[in-house]
Amino acid sequence: MPTALLACFALLCALAQTASAASIDEQIDRYFAPFSDAFSKVVFFSINIGEAKVPLLILLLIAASIICTFYLRGIGIWGFKYSLKQIFGRKPEFNESKNDKDGEVSSLGALATALSGTVGLGSIAGVAIAISVGGPGAMFWMCVGAIFAMALKFCEVTLALKYRRFNADGSVSGGPMFYIAHGLTRKGLRWLGQPMALFFAIMCVPGALGGGCMLQVNQATRQMISITGGANSFFEAHAWVFGLIVAILVGLTIVGGIKSIANVTSKIVPAMCGLYILSALIIIAINFQNIPNCFMTIIHQAFFPDAVTGGIIGTIVMSMRRSIQSNEAGSGSAPIAYAAVKTKEPVSQGFVSLIEPFFVTVVICSMTALVIVITGQYLNYTDGMTGVELTSSAFASVFSFFPFILAIVIVLFAISTIISWAYYGQKAWSYMFGEGFKRTKVYQVMFCCFIVIGSSMNLNSVVDFTDATMLAMALPNLIAIFIMLKEIRSDLILYCKKHNIKSKLIEPWFKDDFAN
């Protein structure tokens, strides 16, 4: 692995120094754009809701999250405290297994890995875009969307644990590929499950290489250039050097598998999220006199938006879209990480996964929204301004050096996302080509090479294509969840009865005449 990795890096460095990046970009766009555009048009097929256009798959994700929430009787509300008990509780029944034969990582390690994959640029830029388009009220509906998304996340993670596979070397393979294939096969739908599982894996690999790798390192490179001198930065003319550094760090992490990844992310995630939350709280505290007006504006704009395309319906749909995209509920990515948890009870990790959408959207995204609204910077939004620029201006309105801190956070967000998506893509790759040391190393070397490439190239058509593949992953995943939804509820009811988990919302489950 080290020898092959260094050889590929040396070749890439030579190419980067002698080739024209612009001409490479143009050639790729020229030949790849027609295919990318055609595929993207299918995936992003949109329908009109009022005056707003919304992709059909996004509407399906929103509908799925709402259906799962009601079918599981609001599990995002009553189940949240049990998710915290699973991580921090003292009761024996809520602790994960200590036996290495039951998995590879702890519940906290899997949660950190999943969070590192979802807490990314969307938590900063995506929220800013939502507010610039839908007004301050978008924050309210994003939080509502997160509550619904928690139920969808519970379903896919529970299935990932139930249908995971233990390999001969002790490693674990799981995720949508496995529960789509094996879960539907058990229901006599092998003809549907097998091709859908393969489709998911085929979409996941380019999604990991593109959206989870190249785009992330590209954004991180832009921020690194910004904080090291801008046009005068060394990285302005040698972006590939930063890409090489990131590739080496990522390569050293992913070569150790999910155990190494969980170990690294469990340290990076608290640090980067803590730094971002602390910075946001400082800005909110300095503007404490605006806090009442800030919340009044958010609530009022949530129900009476000013000049928003599609009115209140457009605001709700657009905000819930951003919410779903920020926490990736239903996409099927995070369940790949959760599948490696040491536990004998799949439902227990389903409860843990409820924390992820809540933390990503209700905590991190809300911090971004509050900073933008409380400083009033959303009023200064102009066409052409990016989400990062809007958020940065909000931070700069208090302290001129705060954008520097924001840039560091964005770099950390990007790198942590790359690490998690390296693992997601690896498991999809292994599903298609089989488990094995050599096969895995081929993927890992390729992934690290794409990091170097992504740091110094601007591939517009690739952006559209990778966005489409990451969204397309949701289609087979949602179909499988719908088919197995009754099975999920049956497992949940048995678990609640076993551990005496009660709530007024689920009282009917404990009655003898309840028909599941």
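The present account deals with the structure reproduced in this document. (Residues numbered from 1 in each chain as written. Predicted model: local features only at pLDDT ≥ 70, side-chain atom pairs only at ≥ 80, totals over all residues. Heavy atoms only, no water.)

### Points about the overall build of the protein
The criterion, for reference: Numbered from the N terminus, helices here are DSSP runs of H or I no shorter than four residues, and strands are runs of E no shorter than two. Partly exposed describes any residue whose relative accessible area lies between the buried limit of under 20% and the exposed limit of over 50%, with all areas from a 1.4 Å probe on protein chains only and scaled to the type maximum. Here, residues are in contact when the closest pair of their heavy atoms is within 4.5 Å. Per-residue and other accessible areas follow the Shrake-Rupley method at a 1.4 Å probe size, with only the shown protein chains counted as cover for residues.
Check the secondary structure of the protein and you find 24 helices and four strands. The 516 residues of the protein split such that 58% are buried. Taking all contacts inside the protein whose residues are at least 6 apart in sequence as the whole, residues at least 24 apart take part in 82%. Accessible surface, the protein: about 20900 Å² in total, of which carbon and sulfur atoms supply 65%.

### Considerations on unusual backbone geometry
In this structure, Glu 328 is a non-glycine residue whose phi angle is positive, near 60°. Looking at the element boundaries, Glu 328 is found in the loop between helix 15 (311-327) and helix 16 (335-338). The backbone of Asn 500 shows a phi angle near 55°, a positive value even though the residue is not glycine. Its location among the elements puts Asn 500 in the segment after helix 24 (485-498).

### Observations regarding the environment of Gly 122
Along the chain, the position of Gly 122 falls in the loop between helix 6 (107-118) and helix 7 (125-134). By relative accessible area, Gly 122 is classed as partly exposed at 35%. For the pair Gly 122 and Gln 325, spaced 203 residues apart in the sequence, the C-alpha separation amounts to 7.8 Å.

### Observations regarding the pattern of salt bridges
What counts here: By convention in these notes, a salt bridge is any Lys or Arg side-chain nitrogen within 4 Å of a carboxyl oxygen on Asp or Glu.
Tallying each qualifying case throughout the model produces eight salt bridges. Here the salt bridges share partners, and the residues they tie into one network are Lys 162, Lys 187, Glu 487 and Asp 491.

### Focus on the side chain of Ser 353
This is how it is decided: As used in this structure description, the phrase polar contact means that two N or O atoms lie within 3.5 Å; if the pair is within protein, one of them must be able to donate a hydrogen and the other to accept it, and residues adjacent in sequence are counted only when both atoms belong to side chains.
In this fold, Ser 353 is placed in the loop between helix 17 (346-352) and helix 18 (355-374). There is a polar contact of 2.6 Å between the side chain of Ser 353 and the backbone oxygen of Gly 350. If we ignore the near neighbours within four places in the chain, the residues touching Ser 353 are Lys 153, Phe 154, Val 157 and Tyr 338.

### Notes on the packing of helix 3 (residues 56-71) against helix 8 (residues 138-162)
Helix-helix packing is described using two parameters, namely the angle between the two axes and the distance between the axes. Formally: Note on geometry: axes are lines fitted to C-alpha atoms, helical ones only across the stretch in contact, with angles between N-to-C directions running from 0 to 180 degrees. Here is the rule for angles: anything less than 35 degrees is roughly parallel, anything more than 145 is roughly antiparallel, 65 through 115 is roughly perpendicular, and the remaining ranges are oblique. All amino acids are sorted into three groups, where Ala, Val, Leu, Ile, Met, Phe, Trp, Tyr, Cys and Pro are nonpolar, Asp, Glu, Lys and Arg are charged, and the leftover types, Gly among them, are polar.
Running from N to C, helix 3 and helix 8 cross one another at 80°; their axes reach a closest spacing of 7 Å. The pairing of helix 3 with helix 8 is recorded here as roughly perpendicular in orientation. Of helix 8, the residues touching helix 3 (which contributes Leu 61, Ala 64, Ser 65, Ile 66, Cys 68, Thr 69 and Phe 70) are Ile 147, Phe 148, Ala 149, Ala 151, Leu 152 and Cys 155. Of the residues assigned to the contact of helix 3 with helix 8, the class counts are eleven nonpolar, two polar and no charged.

### Some points on helix 9 (residues 176-186)
Counting buried positions along helix 9 gives eight out of eleven residues, so the element sits mostly inside the fold. A positive backbone phi angle near 75° is found at Gly 188, which sits one or two residues after helix 9.

### What about the packing of aromatic side chains?
As a reminder, the rule being used: Each pair of aromatic rings taken from Phe, Tyr and Trp, with Trp reduced to its six-membered ring, is defined by centres within 6.5 Å and is described as stacked if the planes are under 30 degrees apart, edge-to-face if over 60, and tilted in the remaining cases.
Going through the model one piece at a time under the given rule, you end up with 17 aromatic pairs. Here the aromatic rings of Trp 429 and Phe 433 are separated by 4.6 Å at their centres, their planes lie at 50°, and the arrangement is tilted. Residue Trp 429 and its partner Phe 433 are both found in helix 20 (residues 402-433); the two are separated by four residues, about one turn of the helix. We classify Phe 433 as partly exposed; its relative accessible area is 45%. Ring-pair connections join several aromatic residues into one group, and the members of that group are Trp 78, Tyr 82, Phe 154, Phe 351 and Tyr 495.

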